[in-house]
Amino acid sequence: MKALMPMLNRLMPVMMVIFLVLASLQAALALHLSFGMIERFLQWAEASYLPLAGIGALLTVSGLLFETRAEKLARKGLRRRKGFMMDVLARLTNRNALEELMAREQKETVLDADELAASLRARVIGQDQVCEDIAQQLRRRLALQVRGKPVGIFLLAGPPGTGKTYLAKQIARQMDRPLLHFDMTQMSSPHAATQLFGSPKGYVGSDTFGKLTGGLQEKPDAVVLLDEIEKAHPDVFKKFLTAWNDGHVTEASTGTQVSTTRAIFMLTSNIATEALTDIAERLSDEPDRMRAESVEALRQAGFAPEVLNRLDRIFIFRKLFGLDLARVAALEIEAMIDSYGLRVEPGGIDAALLFQVMLRQQKLGAGASARDLVRSIEDMVSESLITARQNGAKMVRLVSDEAGVTAEVANDTESMHARMAR
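Attention here is on the structure that accompanies the text. (Residues numbered from 1 in each chain as written. Predicted model: local features only at pLDDT ≥ 70, side-chain atom pairs only at ≥ 80, totals over all residues. Heavy atoms only, no water.)

1. Here we look at the packing of aromatic side chains
Scanning all chains against the criterion turns up 5 aromatic pairs. Geometrically, the ring pair formed by F197 and F240 is edge-to-face, given 5.3 Å between the ring centres and 75° between the ring planes. Of the two residues, F197 is situated in helix α10 (residues 193-197) and F240 in helix α12 (residues 234-245); the sequence distance between them amounts to 43 residues. Among the residues examined, F240 registers a relative accessible area of 0% and is labelled buried. Between F240 and W244 the ring centres are 5.4 Å apart and the planes differ by 25°, which places this aromatic pair in the stacked class. Placement of both F240 and W244 in helix α12 is noted, with a separation of 4 residues, approximately one turn of the helix. (Phe/Tyr/Trp six-rings, centres within 6.5 Å; stacked < 30°, edge-to-face > 60°. Helix = DSSP H or I, 4+ residues; strand = E, 2+ residues; numbered from the N terminus. Buried < 20%, exposed > 50% of the residue type's maximum accessible area, 1.4 Å probe, protein only.)

2. As for the sheet that holds strand β1 (residues 152-157)
Sheet architecture is open: 5 strands sit in the order β2-β3-β6-β1-β7, paired in parallel fashion. Two strands bound the open sheet, and with one partner strand each, they are β2 (179-183) and β7 (313-316). In this sheet, neighbouring strand axes are inclined to one another by 20° on average, regardless of whether the strands run parallel or antiparallel. With 4 bridges connecting them, strand β3 (residues 223-227) and strand β6 (residues 264-269) associate as parallel partners. Across the sheet, the residue bridging to L225 is M266, located in β6. Its contacts with the sheet place α12 against β1, β3 and β6, and it is angled at close to 140° to β6. (Pairing = 2+ DSSP bridges. Axes fitted to C-alpha atoms, helices over the stretch in contact; angles between N-to-C directions. Contact = heavy atoms within 4.5 Å.)

3. A closer look at the side chain of R313
As for its placement among the helices and strands, R313 is situated in strand β7. Although R313 is buried, it makes no salt bridge; D133 carries the closest opposite charge, 4.2 Å away. Beyond its immediate sequence surroundings of up to four residues, R313 is in contact with D133, Q137, I153, F154, L155 and R291. (Lys, Arg positive; Asp, Glu negative; His and termini not counted. Salt bridge = Lys/Arg side-chain N within 4 Å of Asp/Glu carboxyl O.)

4. Structural notes on the pattern of salt bridges
This structure, assessed with the given rule, holds 12 salt bridges. As a salt-bridge pair, D312 and R141 come within 3.9 Å of each other at their nearest N and O atoms. Of the two residues, D312 is situated in the loop between α15 (305-308) and β7 and R141 in helix α8 (residues 128-142); the sequence distance between them amounts to 171 residues. D312 gets classed as buried once you look at its relative accessible area, which sits at 13%. In this structure, the salt-bridge partner of D324 is R318, at a minimum N-O distance of 2.9 Å. Accessibility expressed as a relative area gives 15% for D324, which makes it buried. You can call R318 partly exposed: its relative accessible area is 37%.

5. Comments concerning α12
Taking 1.5 Å as the rise per residue, α12 with 12 residues should run 16 Å; its terminal C-alpha atoms sit 16 Å apart, in good agreement. Inspection of α12 places V236, F237, F240, L241, A243 and W244 among the buried residues, and these make up the whole buried set. Down the axis of α12, the sector holding all buried residues measures 165°, keeping them to one side. Immediately beyond the C-terminal end of α12, within one or two residues, lies G247, with a positive phi of roughly 80°. (Expected span 1.5 Å × (residues − 1). Arc of directions from axis to C-beta.)

In short, the description is geometric, and any link to function would need to be established separately.
Structure representation (structure tokens):
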């Protein structure tokens, strides 16, 4: 039967002609038309035969040319084939929105590195060079047509509180990609791999996918953030090596291979910060030497060599000094106040308070980040923040004096007049 279908399709025009002839004869018999009447009509219309034949030939040729042209355009994806019936997508969903999503996925291969770098620099304080370098790396790797491993495997190294985790989150947000965030300090035991990659059949938890394998199956283009990767157990490292080297990871409960070729892996680490900072300062203009010495410094600090060999790039974050540290502290304080359901008044963080944070940071060195210092501020003002919220306040200001730091209730009207006075 299948073999007859192509032949029947080719004979369809002949069958249509036969059908029209039979239909015409049936109509003539139904109207009681004689051959003489038909002959007289044909003689009367004889003058129109040639014009009608010419018009028919012109329409036929035009139709063939249009169909050939439309078929070529449709194959190239430059034209949609439309029919008389309403498209099922137009009937059941927003077809234009779906096409825009498909177009956005295809355009990701031509990422605007300058625009991404500018967006990252505006949000990640004090790490302009890292933002520019990582934007360029993403542009190049997304442009590759054939890729058998993840888009990128990047290590973000440097002192704590310098924006490594925040940068990874901003990349996911600016590129409109989902984020899969894992704290590797919780993966320090040999059995921790089951949390990410699932449990074999017969073991507890084998009825559900692992957090990583399940996440990548649902969101294959995710940014996978592995915080403090050096604290993970070696068994966990081994699982990731397959994901990075072969372009897939295996779900233990079913044996399903989940692709990692569309994912971006961002690893953060706080080890060897002093050595890496020194290397970054000395070799800022020699990227090849900086990479080689950075790899060696991480290896001497105990970083797994097999992991280092699979990294696409190492980005070193510099320590924050001066106003950069004050900016980070101010943002952390604002986030802390927001977590209490309040807002900080414009200009409502006492400059003396930020100056104290800067001085304490200099005394403690790289051992404490701005985030750690803000936690100590929270201990001092948390009670006054709770009281302000209970009293119905919406906006506060932080004031530093000899007695410490206090949160005062700010009036919205006063704040507006203060802003206008400036």
